[in-house]
Amino acid sequence: MKTCPNVRSKESGAGLLVGGLMFSYATGSTVVSTSFGEGSIETSGLGLGLAATWYDNRRFYVDEQMTLASYTSDLTSDDGSLGTLAEGNSGTGLAVSIEAGQKFDLGTGMTVIPQAQLRLSSVGFEDFASEAHGEQVTFDDAASQQLRLGLEFAGRGPEARRLYGIANLFHEFDAGSEVSVAGAPLTTESEPWAVVGVGIGGNYGTRAMPHPLTSGSVEAIIEPDSQTDRTDDTWVIDNSAHGYAEALGLIWLERMDSCQSEVFDWIAPAFWNSGFASVALCSLIAINPHKSQRIFAEAFHDNPGCARVLTSCGFDYLGDAEFFLVPRNATVATWAYTLKVEE
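Residues numbered from 1 in each chain as written. Predicted model: local features only at pLDDT ≥ 70, side-chain atom pairs only at ≥ 80, totals over all residues. Heavy atoms only, no water.

**Quick look at the overall build of the protein chain**
Assigned secondary structure in the protein chain consists of three helices and 20 strands. Sorting the 343 residues of the protein chain into buried and exposed places 36% on the buried side. Relative to all contacts within the protein chain whose residues are 6 or more apart in sequence, the contacts with residues 24 or more apart total 57%. When the accessible area of the protein chain is evaluated, it comes to approximately 19,400 Å², of which 58% is carbon and sulfur surface. (Helix = DSSP H or I, 4+ residues; strand = E, 2+ residues; numbered from the N terminus. Buried < 20%, exposed > 50% of the residue type's maximum accessible area, 1.4 Å probe, protein only. Contact = heavy atoms within 4.5 Å. Areas by Shrake-Rupley, 256 points an atom, 1.4 Å probe, with all protein chains shown as cover.)

See the structure below:
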């Protein structure tokens, strides 16, 4: 579980700076099996961190994070003669990360972001003596100096609002740990190079919204939001209680990083200029289900009504952009907007 309240931002002609605090709580369970027997380790931890991200107007960004965590572990052996090895063993961890990337447009809605990240971390636990036979267990601090080189890409497809993917290559400069049990050392080391992350995905949005919007299309848009690992949430704008026989449209929030979200909406043409979009958007902002500190949105240049909806709900103009619009099979100009959510 992770929260990041009290985000503060500062905008200038050069870009946007976002920063804040992070609080985290985590639990973990490890089962250990060897030829000598089995055991388990139960760990819980609390963390406090600082984060800051600079978004340059030239699409360059720098992200910095620092986290300090405190851990408590219980070590148990399934061997009846040993039982509990240690209870409430405490430890501390420190992690510092800096990441930078640059976004490039390749045309026809395709973008790539080469990025690099350096992450330094260490964790250590208190030494203890086994409660069963008194064997001394000594921990050397586990440390990692890791470099990540990544390539992130995104594009537009006929069946999804956004197609995206990322590939990462990691390098460990000097990672490992050592545990001594009754004087016998047990060491771990990491492979220096490994490709550990390659993936692609996609989801829907207004730029790829088919027209007319069929019931099958609505189901395809809503169905992914029933998954527990979803990145966005979708709501149907339903006014049937006031005599309307159909859904008026859709509105959804997509989670971004650093306690930010992006909002999208679609209103059936029969209900344009009726005020429904403004009511739905302002209500969603007031509820703020993602607990976002900043929300982003966009409006097409040829749809000033959408821009009025955004400004009426407190959004500020951020800049211009261009995107490939699937229904029109063309690149269109958009206005970008941002809203700082007041607590």
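**Comments concerning the packing of aromatic side chains**
Scanning all chains against the criterion turns up three aromatic pairs. Relative to Phe125, the ring of Tyr71 has its centre 6.2 Å away and its plane inclined at 40°; by these criteria the two rings are tilted. With Tyr71 in strand S5 (residues 60-77) and Phe125 in strand S8 (residues 110-125), this pair connects stretches of sequence that are 54 residues apart. Classification of Tyr71 as partly exposed rests on a relative accessible area of 26%. (Phe/Tyr/Trp six-rings, centres within 6.5 Å; stacked < 30°, edge-to-face > 60°.)

**Section: the side chain of Asp56**
You can see Asp56 is positioned in strand S4 (residues 37-56). A relative accessible area of 13% places Asp56 in the buried class. Within the structure, Asp56 has its side chain in polar contact with the backbone nitrogen of Arg58 (distance 2.7 Å). Leave out the neighbours within four places in its chain, and Asp56 touches Ala14 and Gly15. (Polar contact = N/O pair within 3.5 Å; in protein donor to acceptor, adjacent residues only side chain to side chain.)

**Some thoughts on helix H3 (residues 304-312)**
Taken residue by residue, H3 has Gly305, Cys306, Ala307, Val309 and Leu310 as its buried positions. Of the residues trailing H3, Gly314 is marked for its positive phi of about 100°.

**A few points about the pattern of salt bridges**
With the rule as written, the count across this model stands at three salt bridges. One salt bridge in this structure joins Arg58 and Asp56, with 2.9 Å as the shortest N-O distance. Put simply, Arg255 and Asp233 hold a salt bridge, and the shortest N to O gap is 3.3 Å. Pair noted here: Arg255 is in strand S16 (residues 247-255) and Asp233 is in strand S15 (residues 232-238), with a separation of 22 residues, a long-range link. We classify Arg255 as partly exposed; its relative accessible area is 41%. (Salt bridge = Lys/Arg side-chain N within 4 Å of Asp/Glu carboxyl O.)

**Describing a negative patch on the surface**
Together, Glu126, Asp127, Asp140 and Glu178 give the surface a local cluster of negative charge. Assignment of secondary structure puts Glu126 in the loop between S8 and strand S9 (128-129). Glu126 sits in the partly exposed class, given a relative accessible area of 47%. (Patch = residues over 30% accessible without salt bridge, like charges linked within 9 Å, V, L, I, M, F, W, Y side chains within 5 Å. Lys, Arg positive; Asp, Glu negative; His and termini not counted. Charge placed at Lys NZ, Arg CZ, Asp CG, Glu CD.)

**Let's talk about unusual backbone geometry**
Positive phi is not limited to glycine here, since Arg59 has a value of about 70°. Structurally, the position occupied by Arg59 is in the loop between S4 and S5. Even without a glycine there, the phi angle at Lys291 is positive, about 55°. Within the secondary structure, Lys291 is located in the loop between helix H2 (276-287) and strand S18 (294-300).

**Remarks on the nonpolar core**
Counting residues in hydrophobic clusters, the biggest one holds 27 residues, and the most contacted among them are Ile251, Val263, Leu281, Ile285, Ile295, Leu310 and Phe315. Mapped onto this core, the elements with two or more residues apiece are S16, strand S17 (260-267), H2, S18, H3 and strand S20 (330-340). Examining the composition of this core, we find that six residues originate from one element, H2, more than from any other. (Core = buried A, V, L, I, M, F, W, Y, C linked by side-chain atoms within 4.5 Å.)

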